Amino acid sequence: MPSRQDILNAKILVVDDSPDNIELMEEILREEGYTDGSSTMLPEQVCPLHREHNYDLILLDLQMPGLNGFQVMKGLKEIEQGGYLPVLALTAQPSFKIAALEAGARDFISKPFDLLEVHKRIHNMLEVRLLYKELAQYSRAQQELALHDALTGLPNRRLLEDRIETALQHANRNHHKAAVMYLDLDGFKAINDTYGHAYGDEILKMVSQRLLSNSRKEDTVARLGGDEFIVLLADVHSLADAQGPAAKLVEALSEPFFINDLTLQLSTSIGISLYPDDAENVVDLISIADYALYEAKRAGKNRYCANGSAARQAALAVKPTIAPPAPAPAVVPSPELAQHR
(Lines give C-alpha, C1' and ligand atoms only; values in the text may rest on other atoms or scores of the structure.)
Protein backbone atom coordinates (compact mmCIF):
# COMPACT_ATOMS: atom_id res chain seq x y z
CA MET A 1 0.00 0.00 0.00
CA PRO A 2 1.20 3.55 -0.69
CA SER A 3 2.42 5.40 2.39
CA ARG A 4 1.02 8.77 3.45
CA GLN A 5 4.25 10.39 2.26
CA ASP A 6 3.88 8.73 -1.15
CA ILE A 7 0.39 10.21 -1.38
CA LEU A 8 1.56 13.69 -0.34
CA ASN A 9 4.36 13.55 -2.94
CA ALA A 10 1.97 12.61 -5.77
CA LYS A 11 1.88 14.76 -8.90
CA ILE A 12 -1.38 16.74 -9.12
CA LEU A 13 -2.70 19.04 -11.86
CA VAL A 14 -5.58 21.48 -11.25
CA VAL A 15 -7.53 22.48 -14.38
CA ASP A 16 -10.10 25.28 -14.11
CA ASP A 17 -10.95 28.41 -16.12
CA SER A 18 -11.51 30.40 -12.91
CA PRO A 19 -8.38 31.83 -11.27
CA ASP A 20 -10.25 32.03 -7.95
CA ASN A 21 -11.06 28.30 -8.06
CA ILE A 22 -7.47 27.44 -8.93
CA GLU A 23 -6.13 29.60 -6.10
CA LEU A 24 -8.57 28.01 -3.66
CA MET A 25 -7.72 24.44 -4.70
CA GLU A 26 -3.96 25.13 -4.59
CA GLU A 27 -4.37 26.51 -1.07
CA ILE A 28 -6.34 23.40 -0.02
CA LEU A 29 -3.59 21.14 -1.38
CA ARG A 30 -0.78 23.11 0.29
CA GLU A 31 -2.50 23.12 3.67
CA GLU A 32 -2.98 19.36 3.52
CA GLY A 33 0.74 18.89 2.77
CA TYR A 34 0.75 18.00 -0.93
CA THR A 35 4.13 18.95 -2.37
CA ASP A 36 3.86 18.58 -6.16
CA GLY A 37 0.83 20.51 -7.40
CA SER A 38 0.55 22.58 -10.55
CA SER A 39 -2.30 24.20 -12.49
CA THR A 40 -3.49 25.45 -15.85
CA MET A 41 -6.44 27.52 -17.06
CA LEU A 42 -6.02 26.24 -20.62
CA PRO A 43 -7.77 22.88 -21.19
CA GLU A 44 -5.90 22.31 -24.45
CA GLN A 45 -2.69 22.06 -22.42
CA VAL A 46 -3.89 19.16 -20.27
CA CYS A 47 -3.06 16.28 -22.63
CA PRO A 48 0.43 17.56 -23.56
CA LEU A 49 1.17 18.20 -19.87
CA HIS A 50 -0.01 14.72 -18.90
CA ARG A 51 2.16 13.12 -21.59
CA GLU A 52 5.15 14.96 -20.14
CA HIS A 53 4.49 14.58 -16.40
CA ASN A 54 2.22 11.52 -16.05
CA TYR A 55 0.11 13.04 -13.28
CA ASP A 56 -1.21 10.90 -10.46
CA LEU A 57 -4.33 13.06 -10.23
CA ILE A 58 -6.00 15.62 -12.49
CA LEU A 59 -8.62 17.82 -10.81
CA LEU A 60 -10.64 18.72 -13.91
CA ASP A 61 -13.36 21.35 -14.20
CA LEU A 62 -16.08 20.10 -16.56
CA GLN A 63 -17.42 23.49 -17.72
CA MET A 64 -14.75 25.48 -19.54
CA PRO A 65 -14.74 27.55 -22.73
CA GLY A 66 -13.22 25.96 -25.80
CA LEU A 67 -12.54 22.38 -24.75
CA ASN A 68 -14.80 21.22 -21.95
CA GLY A 69 -13.86 18.59 -19.39
CA PHE A 70 -15.54 15.77 -21.30
CA GLN A 71 -13.48 16.52 -24.42
CA VAL A 72 -10.31 16.66 -22.32
CA MET A 73 -11.09 13.22 -20.84
CA LYS A 74 -11.50 11.82 -24.34
CA GLY A 75 -7.96 12.94 -25.15
CA LEU A 76 -6.61 11.59 -21.86
CA LYS A 77 -8.08 8.16 -22.62
CA GLU A 78 -5.92 7.99 -25.75
CA ILE A 79 -2.83 8.69 -23.65
CA GLU A 80 -3.66 6.15 -20.92
CA GLN A 81 -4.50 3.44 -23.50
CA GLY A 82 -6.82 1.41 -21.29
CA GLY A 83 -5.04 2.32 -18.08
CA TYR A 84 -6.37 4.03 -14.98
CA LEU A 85 -7.70 7.49 -15.92
CA PRO A 86 -6.63 9.72 -12.98
CA VAL A 87 -9.42 12.31 -13.29
CA LEU A 88 -11.38 13.78 -10.42
CA ALA A 89 -14.13 15.89 -11.98
CA LEU A 90 -15.05 19.30 -10.54
CA THR A 91 -18.66 20.36 -11.21
CA ALA A 92 -21.45 22.51 -9.87
CA GLN A 93 -24.03 20.71 -12.01
CA PRO A 94 -25.62 17.64 -10.35
CA SER A 95 -26.56 16.22 -13.76
CA PHE A 96 -22.88 16.21 -14.79
CA LYS A 97 -21.80 13.86 -11.99
CA ILE A 98 -23.00 10.60 -13.55
CA ALA A 99 -22.03 11.81 -17.02
CA ALA A 100 -18.50 12.46 -15.75
CA LEU A 101 -18.22 8.92 -14.36
CA GLU A 102 -19.54 7.48 -17.62
CA ALA A 103 -16.95 9.54 -19.52
CA GLY A 104 -14.10 8.01 -17.53
CA ALA A 105 -13.67 10.16 -14.42
CA ARG A 106 -12.98 8.05 -11.33
CA ASP A 107 -14.84 10.36 -8.96
CA PHE A 108 -16.15 13.92 -8.64
CA ILE A 109 -16.09 16.89 -6.25
CA SER A 110 -19.10 19.15 -6.03
CA LYS A 111 -18.89 22.94 -6.22
CA PRO A 112 -18.93 24.91 -4.00
CA PHE A 113 -16.21 22.91 -2.30
CA ASP A 114 -16.77 21.15 1.01
CA LEU A 115 -13.33 21.00 2.62
CA LEU A 116 -13.76 17.58 4.24
CA GLU A 117 -15.17 16.11 1.02
CA VAL A 118 -12.27 17.52 -1.01
CA HIS A 119 -9.64 16.04 1.33
CA LYS A 120 -11.28 12.61 1.46
CA ARG A 121 -11.91 12.27 -2.25
CA ILE A 122 -8.41 13.42 -3.21
CA HIS A 123 -6.77 11.12 -0.65
CA ASN A 124 -8.85 8.10 -1.68
CA MET A 125 -8.31 8.73 -5.37
CA LEU A 126 -4.57 9.04 -4.97
CA GLU A 127 -4.37 5.93 -2.81
CA VAL A 128 -6.08 3.89 -5.54
CA ARG A 129 -4.05 5.51 -8.32
CA LEU A 130 -0.70 4.82 -6.63
CA LEU A 131 -1.74 1.28 -5.77
CA TYR A 132 -2.68 0.77 -9.41
CA LYS A 133 0.78 2.01 -10.45
CA GLU A 134 2.47 -0.32 -7.96
CA LEU A 135 0.55 -3.28 -9.35
CA ALA A 136 1.40 -2.26 -12.92
CA GLN A 137 5.10 -2.04 -12.02
CA TYR A 138 4.94 -5.43 -10.32
CA SER A 139 3.29 -6.91 -13.39
CA ARG A 140 6.01 -5.48 -15.64
CA ALA A 141 8.69 -6.82 -13.30
CA GLN A 142 7.12 -10.28 -13.39
CA GLN A 143 7.01 -10.14 -17.17
CA GLU A 144 10.66 -9.16 -17.26
CA LEU A 145 11.52 -12.13 -15.03
CA ALA A 146 9.56 -14.42 -17.33
CA LEU A 147 11.54 -13.26 -20.36
CA HIS A 148 15.02 -12.64 -18.93
CA ASP A 149 17.68 -14.67 -17.20
CA ALA A 150 17.71 -13.91 -13.48
CA LEU A 151 21.53 -14.02 -13.11
CA THR A 152 22.68 -12.01 -16.14
CA GLY A 153 19.58 -10.05 -17.12
CA LEU A 154 19.95 -11.29 -20.70
CA PRO A 155 16.95 -12.52 -22.71
CA ASN A 156 16.14 -16.16 -21.96
CA ARG A 157 15.24 -18.87 -24.47
CA ARG A 158 11.57 -17.84 -24.61
CA LEU A 159 12.37 -14.25 -25.59
CA LEU A 160 15.25 -15.35 -27.81
CA GLU A 161 13.04 -17.61 -29.93
CA ASP A 162 10.59 -14.75 -30.38
CA ARG A 163 13.45 -12.44 -31.45
CA ILE A 164 14.76 -15.04 -33.91
CA GLU A 165 11.29 -15.50 -35.42
CA THR A 166 10.97 -11.74 -35.88
CA ALA A 167 14.45 -11.57 -37.44
CA LEU A 168 13.61 -14.36 -39.90
CA GLN A 169 10.43 -12.60 -40.98
CA HIS A 170 12.36 -9.36 -41.47
CA ALA A 171 15.13 -11.13 -43.38
CA ASN A 172 12.59 -12.83 -45.62
CA ARG A 173 10.82 -9.55 -46.45
CA ASN A 174 14.09 -7.77 -47.22
CA HIS A 175 15.85 -10.71 -48.93
CA HIS A 176 18.60 -10.71 -46.30
CA LYS A 177 20.00 -13.44 -44.09
CA ALA A 178 20.25 -13.94 -40.34
CA ALA A 179 22.85 -15.84 -38.31
CA VAL A 180 22.63 -17.74 -35.05
CA MET A 181 25.84 -18.17 -33.04
CA TYR A 182 25.69 -20.82 -30.29
CA LEU A 183 28.43 -20.47 -27.64
CA ASP A 184 29.54 -22.29 -24.56
CA LEU A 185 32.58 -21.83 -22.35
CA ASP A 186 35.60 -24.12 -22.51
CA GLY A 187 36.82 -24.97 -19.02
CA PHE A 188 33.87 -23.53 -17.13
CA LYS A 189 33.16 -26.74 -15.21
CA ALA A 190 36.69 -26.66 -13.81
CA ILE A 191 36.03 -23.23 -12.31
CA ASN A 192 32.81 -24.35 -10.64
CA ASP A 193 34.46 -27.53 -9.35
CA THR A 194 37.60 -25.79 -8.10
CA TYR A 195 36.41 -22.42 -6.82
CA GLY A 196 32.67 -22.90 -6.32
CA HIS A 197 29.50 -21.65 -7.95
CA ALA A 198 29.86 -18.10 -6.62
CA TYR A 199 32.95 -17.66 -8.81
CA GLY A 200 31.14 -19.40 -11.66
CA ASP A 201 28.25 -16.96 -11.39
CA GLU A 202 30.63 -14.00 -11.47
CA ILE A 203 32.25 -15.43 -14.60
CA LEU A 204 28.84 -15.80 -16.28
CA LYS A 205 27.98 -12.17 -15.53
CA MET A 206 31.33 -10.99 -16.86
CA VAL A 207 30.95 -13.14 -19.98
CA SER A 208 27.51 -11.59 -20.55
CA GLN A 209 28.99 -8.09 -20.42
CA ARG A 210 31.77 -9.01 -22.84
CA LEU A 211 29.28 -10.50 -25.27
CA LEU A 212 27.17 -7.36 -25.13
CA SER A 213 30.10 -4.98 -25.50
CA ASN A 214 31.44 -6.94 -28.48
CA SER A 215 28.11 -7.20 -30.31
CA ARG A 216 26.12 -4.69 -32.29
CA LYS A 217 23.30 -2.82 -30.59
CA GLU A 218 20.78 -4.46 -32.90
CA ASP A 219 22.00 -8.00 -32.11
CA THR A 220 20.39 -10.13 -29.40
CA VAL A 221 22.60 -11.75 -26.77
CA ALA A 222 20.74 -14.44 -24.78
CA ARG A 223 21.58 -17.00 -22.12
CA LEU A 224 20.06 -20.44 -22.55
CA GLY A 225 21.23 -21.72 -19.17
CA GLY A 226 24.45 -23.00 -17.61
CA ASP A 227 27.35 -21.65 -19.65
CA GLU A 228 25.45 -21.64 -22.96
CA PHE A 229 24.70 -18.41 -24.83
CA ILE A 230 23.31 -17.48 -28.22
CA VAL A 231 23.99 -14.34 -30.23
CA LEU A 232 21.48 -13.53 -32.97
CA LEU A 233 22.79 -11.49 -35.89
CA ALA A 234 19.99 -9.94 -37.93
CA ASP A 235 20.34 -8.48 -41.42
CA VAL A 236 23.56 -10.17 -42.58
CA HIS A 237 24.39 -10.89 -46.21
CA SER A 238 26.66 -13.92 -46.04
CA LEU A 239 28.40 -16.35 -43.72
CA ALA A 240 31.42 -14.05 -43.70
CA ASP A 241 29.28 -11.44 -41.90
CA ALA A 242 28.97 -13.91 -39.01
CA GLN A 243 32.52 -15.24 -39.07
CA GLY A 244 34.01 -11.84 -38.25
CA PRO A 245 31.84 -11.32 -35.13
CA ALA A 246 32.46 -14.94 -34.09
CA ALA A 247 36.23 -14.45 -34.26
CA LYS A 248 35.85 -11.23 -32.26
CA LEU A 249 33.93 -13.06 -29.52
CA VAL A 250 36.47 -15.89 -29.40
CA GLU A 251 39.20 -13.32 -28.87
CA ALA A 252 37.22 -11.30 -26.30
CA LEU A 253 36.43 -14.32 -24.14
CA SER A 254 40.03 -15.56 -24.19
CA GLU A 255 41.10 -12.46 -22.24
CA PRO A 256 41.68 -13.10 -18.50
CA PHE A 257 38.88 -12.71 -15.96
CA PHE A 258 39.90 -11.04 -12.70
CA ILE A 259 37.81 -12.00 -9.67
CA ASN A 260 39.02 -11.08 -6.18
CA ASP A 261 42.50 -12.63 -5.85
CA LEU A 262 42.24 -14.87 -8.91
CA THR A 263 43.03 -14.53 -12.57
CA LEU A 264 40.88 -17.04 -14.44
CA GLN A 265 41.49 -18.01 -18.04
CA LEU A 266 38.73 -19.38 -20.27
CA SER A 267 37.86 -19.69 -23.91
CA THR A 268 34.72 -20.25 -25.94
CA SER A 269 33.61 -22.53 -28.74
CA ILE A 270 31.03 -21.21 -31.21
CA GLY A 271 28.76 -22.88 -33.74
CA ILE A 272 27.16 -20.85 -36.52
CA SER A 273 24.01 -21.43 -38.57
CA LEU A 274 22.65 -19.18 -41.33
CA TYR A 275 19.10 -18.44 -42.45
CA PRO A 276 17.88 -19.47 -44.98
CA ASP A 277 20.93 -21.41 -46.18
CA ASP A 278 21.04 -23.92 -43.33
CA ALA A 279 17.43 -23.88 -42.14
CA GLU A 280 14.26 -21.82 -42.38
CA ASN A 281 12.84 -22.12 -38.87
CA VAL A 282 13.93 -21.26 -35.35
CA VAL A 283 14.29 -24.78 -33.95
CA ASP A 284 16.41 -26.08 -36.82
CA LEU A 285 18.67 -23.02 -36.85
CA ILE A 286 19.43 -23.48 -33.15
CA SER A 287 19.98 -27.24 -33.61
CA ILE A 288 22.38 -26.75 -36.51
CA ALA A 289 24.31 -24.09 -34.61
CA ASP A 290 24.44 -26.43 -31.61
CA TYR A 291 25.85 -29.22 -33.79
CA ALA A 292 28.43 -26.83 -35.25
CA LEU A 293 29.41 -25.86 -31.70
CA TYR A 294 30.34 -29.44 -30.87
CA GLU A 295 32.21 -29.70 -34.15
CA ALA A 296 34.28 -26.75 -32.93
CA LYS A 297 34.90 -28.50 -29.62
CA ARG A 298 35.93 -31.73 -31.37
CA ALA A 299 38.32 -29.71 -33.50
CA GLY A 300 40.18 -28.42 -30.44
CA LYS A 301 37.93 -25.77 -28.79
CA ASN A 302 38.59 -22.03 -28.59
CA ARG A 303 37.31 -21.51 -32.13
CA TYR A 304 34.17 -21.10 -34.22
CA CYS A 305 32.73 -23.52 -36.74
CA ALA A 306 29.95 -23.53 -39.35
CA ASN A 307 29.11 -26.90 -40.84
CA GLY A 308 25.89 -26.27 -42.81
CA SER A 309 25.50 -25.79 -46.53
CA ALA A 310 26.39 -22.12 -46.13
CA ALA A 311 29.77 -23.12 -44.73
CA ARG A 312 30.45 -25.47 -47.62
CA GLN A 313 29.66 -22.70 -50.11
CA ALA A 314 31.74 -20.17 -48.22
CA ALA A 315 34.67 -22.58 -47.99
CA LEU A 316 35.25 -22.12 -51.72
CA ALA A 317 36.14 -18.49 -51.11
CA VAL A 318 36.87 -18.23 -47.38
CA LYS A 319 39.13 -20.71 -45.60
CA PRO A 320 39.23 -22.05 -43.03
CA THR A 321 35.64 -22.30 -41.81
CA ILE A 322 37.14 -23.43 -38.47
CA ALA A 323 39.22 -20.69 -36.90
CA PRO A 324 42.85 -21.48 -36.10
CA PRO A 325 43.41 -22.98 -32.64
CA ALA A 326 44.62 -21.02 -29.64
CA PRO A 327 46.26 -22.16 -26.40
CA ALA A 328 44.18 -24.57 -24.35
CA PRO A 329 41.96 -23.00 -21.68
CA ALA A 330 43.28 -23.00 -18.16
CA VAL A 331 42.49 -21.78 -14.67
CA VAL A 332 45.42 -19.61 -13.63
CA PRO A 333 45.86 -18.26 -10.05
CA SER A 334 47.14 -14.72 -9.73
CA PRO A 335 50.87 -14.37 -8.93
CA GLU A 336 50.04 -13.24 -5.38
CA LEU A 337 48.02 -16.38 -4.71
CA ALA A 338 50.55 -18.64 -6.42
CA GLN A 339 53.23 -17.56 -3.94
CA HIS A 340 51.19 -19.13 -1.16
CA ARG A 341 50.74 -22.49 -2.91
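Residues numbered from 1 in each chain as written. Predicted model: local features only at pLDDT ≥ 70, side-chain atom pairs only at ≥ 80, totals over all residues. Heavy atoms only, no water.

- As recorded in an unreviewed UniProt entry, the protein goes by Diguanylate cyclase and comes from Massilia pinisoli.

Let's talk about the side chain of Arg-129
Moving on, step 1. Here Arg-129 is to be found in helix 6 (residues 115–147).
Moving on, step 2. The class for Arg-129 is buried, based on a relative accessible area of 3%.
Moving on, step 3. Residues within four places of Arg-129 in sequence aside, it is in contact with His-50, Asn-54, Tyr-55, Asp-56, Glu-80, Tyr-84 and Pro-86. (Helix = DSSP H or I, 4+ residues; strand = E, 2+ residues; numbered from the N terminus. Buried < 20%, exposed > 50% of the residue type's maximum accessible area, 1.4 Å probe, protein only. Contact = heavy atoms within 4.5 Å.)

So, the sheet that holds strand 8 (residues 228–236)
Moving on, step 1. Pairing within the open sheet is mixed, and its 5 strands lie in the order 7-8-6-11-12. Only two strands of the sheet have a single neighbouring strand rather than two, namely strand 7 (220–225) and strand 12 (304–305).
Moving on, step 2. Where strand 11 (residues 267–275) meets strand 12, 2 bridges bridge the pair, whose relative direction is parallel. Bridge pairing in strand 12 places Ile-270 opposite Tyr-304. (Pairing = 2+ DSSP bridges.)

Some details on the pairing of strand 6 (residues 177–186)
Looking down a regular strand, the side chains alternate between one sheet face and the other.
Moving on, step 1. Here strand 6 lies mainly inside the structure; 9 of its 10 residues are buried.
Moving on, step 2. Sheet analysis places strand 6 next to strand 8, joined by 7 bridges and oriented antiparallel. In the sheet register, Met-181 faces strand 8, and the bridge partner there is Val-231.
Moving on, step 3. Across 9 bridges, strand 6 lies against strand 11 in antiparallel orientation. Bridge assignment links Asp-184 to a residue of strand 11, and that residue is Ser-269.

Brief notes about the packing of aromatic side chains
Moving on, step 1. Taken as a whole, this structure holds 2 aromatic pairs when the rule is applied.
Moving on, step 2. Look at Phe-70 and Phe-96: their rings are 5.7 Å apart centre to centre, the planes differ by 85°, and that puts the pair in the edge-to-face class. You can see Phe-70 sitting in helix 4 (residues 69–80) and its partner Phe-96 sitting in helix 5 (residues 94–103), a full 26 residues away along the chain.
Moving on, step 3. Phe-70 sits in the partly exposed class, given a relative accessible area of 24%. (Phe/Tyr/Trp six-rings, centres within 6.5 Å; stacked < 30°, edge-to-face > 60°.)

Digging into the environment of Thr-40
Moving on, step 1. By the secondary structure assignment, Thr-40 is in strand 2 (residues 36–40).
Moving on, step 2. Among the residues examined, Thr-40 registers a relative accessible area of 5% and is labelled buried.
Moving on, step 3. Ignoring sequence-local partners within four residues, the contact set of Thr-40 consists of Leu-13, Val-14, Val-15, Asp-16, Ile-22, Gln-45, Val-46 and Leu-49.
Moving on, step 4. Side-chain polar atoms of Thr-40 contact the backbone nitrogen of Leu-42, separated by 3.1 Å. (Polar contact = N/O pair within 3.5 Å; in protein donor to acceptor, adjacent residues only side chain to side chain.)

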